[in-house]
Structures are given as C-alpha cells and as structure tokens.
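Structural features, examined
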Amino acid sequence: SVLASDYTVGALFLDRARALGDRTLFLLPPDRKEGRVSWAQAERRVLEIGRALLALRAQAEVDAGHPIALLGANSPELALFDLACLVTGTANVPIPASSTPGQIAEIVALSAPGAVFLGDVQSRAAWAAASARASRVHWLSESFEPDEDVASFRSFLDLGDSCTDDEVRNAA
C-alpha cells in the first residue's frame, strides 16, 4: 500500500527537509523581513502545526467526518499548514480567497469542518459576511490578534503541547 511505502507527500516532505536543512524552500516577498524560509524552518513549523492537529483530532473535534477548512490567499503559512495536514493525515478543505460569501457558506455547509483557519483580514471579512459557523475558528498566523469570533493561532498551537514530534513523524 502507499501508506506502508513511505511514498506519501508527508513522509517525502520530512525526508527532504532533513536532507536539505538550511537550503531555501520559500523566498518571501520583499516586504517580509525574514526574506526566506529554509527546509529546516519549514519542518519545525510543520511539526509544530502537526502536533496541534493531532491534539485537535484527539479531542474528537476534527475527524474523518469533519475536516478542517483553510480560507486565505496563497502564502507560506497556508502552504505549511497544508503540508502539516498531509503529514498528519488530516483532511482539509481549501476555500479559495476569491470565494464569495455565498460560496463560502455553501462549502462550509457541505464539508462541515470541525475547525476553520483564516489567513488574513480579507478572509476574516469574507467569513463574517458568509455567516458560516464552525466549532473552532482560528487565525492562520500569529500576526493577527484574536477577537470574540476568531481565536489566536497561538492558542491552536498550544494544543500540541501534549504531542511529540515523533507522533507527527509516525503519522506520516
């Protein structure tokens, strides 16, 4: 089977990250002070997100019947979150940033996500306009402050304190 072969995207990403270490994975736009994301940095972030995803799934808030949804423009943060989903086997529903509020509401109604992650302020406004609901809504980055409707990304990451990197690697 594919899972037994270690030829899954998650396993291949982790192998490549270990092999390429400090080489550049993502070049960031000029307005981002970091400039780039290395394979090693990406692996650390994917493992951190992966620990939180495993903890979220263990709480039975996200399971095979209830994926997570990602709403936001293309970004390194979105790509790393998607990789963490692939590593942990967490189903996700990408909602394009160009979606109308009606489309967002329909996607959410059909997929019934257990958690939604918003990538930017525009996504937050579209989510609010869609009047969609999910049991958990978080920012997709630590760059945004939580409010009464959207929890911080840090509060999501803190869920993973009870999981280890090896648990994430073994999920791949």
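Here the structure is shown first, and the text comes after it.
Residues numbered from 1 in each chain as written. Predicted model: local features only at pLDDT ≥ 70, side-chain atom pairs only at ≥ 80, totals over all residues. Heavy atoms only, no water.

**Details of the packing of aromatic side chains**
A complete count under the given rule lists seven aromatic pairs for this structure. Ring geometry for Phe81 and Phe153: centres 6.3 Å apart, planes at 50°, overall tilted. One end of the pair, Phe81, is in helix 4 (residues 76–88); the other, Phe153, is in helix 7 (residues 153–158), with 72 residues separating them in the sequence. Accessibility assignment for this pair places Phe81 and Phe153 in one class, buried. Ring-pair connections join several aromatic residues into one group, and the members of that group are Phe81, Phe117, Phe153 and Phe156. (Phe/Tyr/Trp six-rings, centres within 6.5 Å; stacked < 30°, edge-to-face > 60°. Helix = DSSP H or I, 4+ residues; strand = E, 2+ residues; numbered from the N terminus. Buried < 20%, exposed > 50% of the residue type's maximum accessible area, 1.4 Å probe, protein only.)

**Things to note about the nonpolar core**
For soluble globular proteins, nonpolar side chains are generally found buried alongside one another. The biggest cluster of nonpolar side chains holds 34 residues, and the ones touching the most others in it are Phe13, Ile49, Ile68, Phe81, Phe117 and Phe156. For this core, the element with the highest residue contribution is helix 3 (residues 39–58), accounting for ten residues. Excluding residues that lie within four positions of it along the chain, Ile49 makes contacts with Leu80, Phe81, Ala84, Phe153, Phe156 and Leu157. Of all hydrophobic cores here, the second largest spans 15 residues; its members include Ile104, Val108, Val137 and Trp139. (Core = buried A, V, L, I, M, F, W, Y, C linked by side-chain atoms within 4.5 Å. Contact = heavy atoms within 4.5 Å.)

**As for the packing of helix 2 (residues 9–20) against helix 4**
Relative to each other, helix 2 and helix 4 sit at 115°, their axes nearing to 7 Å. In terms of orientation, helix 2 and helix 4 fall into the roughly perpendicular class. Across the interface between the two elements, Val9, Gly10, Phe13 and Leu14 from helix 2 touch Leu83, Leu86 and Val87 from helix 4. Each residue belonging to the contact of helix 2 with helix 4 can be placed in one class, and the counts come to six nonpolar, one polar and no charged. (Axes fitted to C-alpha atoms, helices over the stretch in contact; angles between N-to-C directions. Parallel < 35°, antiparallel > 145°, perpendicular 65-115°, else oblique. Nonpolar A, V, L, I, M, F, W, Y, C, P; charged D, E, K, R; others polar.)

**Structural notes on the packing of helix 5 (residues 101–111) against helix 6 (residues 121–130)**
One can describe the packing of helix 5 onto helix 6 by two numbers: an axis separation of 8 Å at closest approach and a directional angle of 75°. Considering the angle they form, helix 5 stands roughly perpendicular to helix 6. Facing helix 5, whose interface residues are Pro101, Ile104, Ala105 and Val108, helix 6 presents Ala126, Trp127, Ala129 and Ala130. Residue composition of the contact of helix 5 with helix 6, grouped by class: eight nonpolar, no polar and no charged.

**Quick word on the pairing of strand 4 (residues 92–96)**
The two faces of strand 4 differ: Val93 and Ile95 on one face are buried, but Asn92, Pro94 and Pro96 on the other face are not. Two strands pair when backbone bridges link them, and strand 3 (residues 68–72) and strand 4 are joined in this way by five bridges, in the parallel orientation. Counterpart to Leu71 in the pairing with strand 4 is Ile95. With helix 4 bridging strand 3 and the parallel strand 4, this β-α-β connection has right-handed handedness. (Pairing = 2+ DSSP bridges. Right-handed = clockwise from strand over helix to strand, strands pointing away.)

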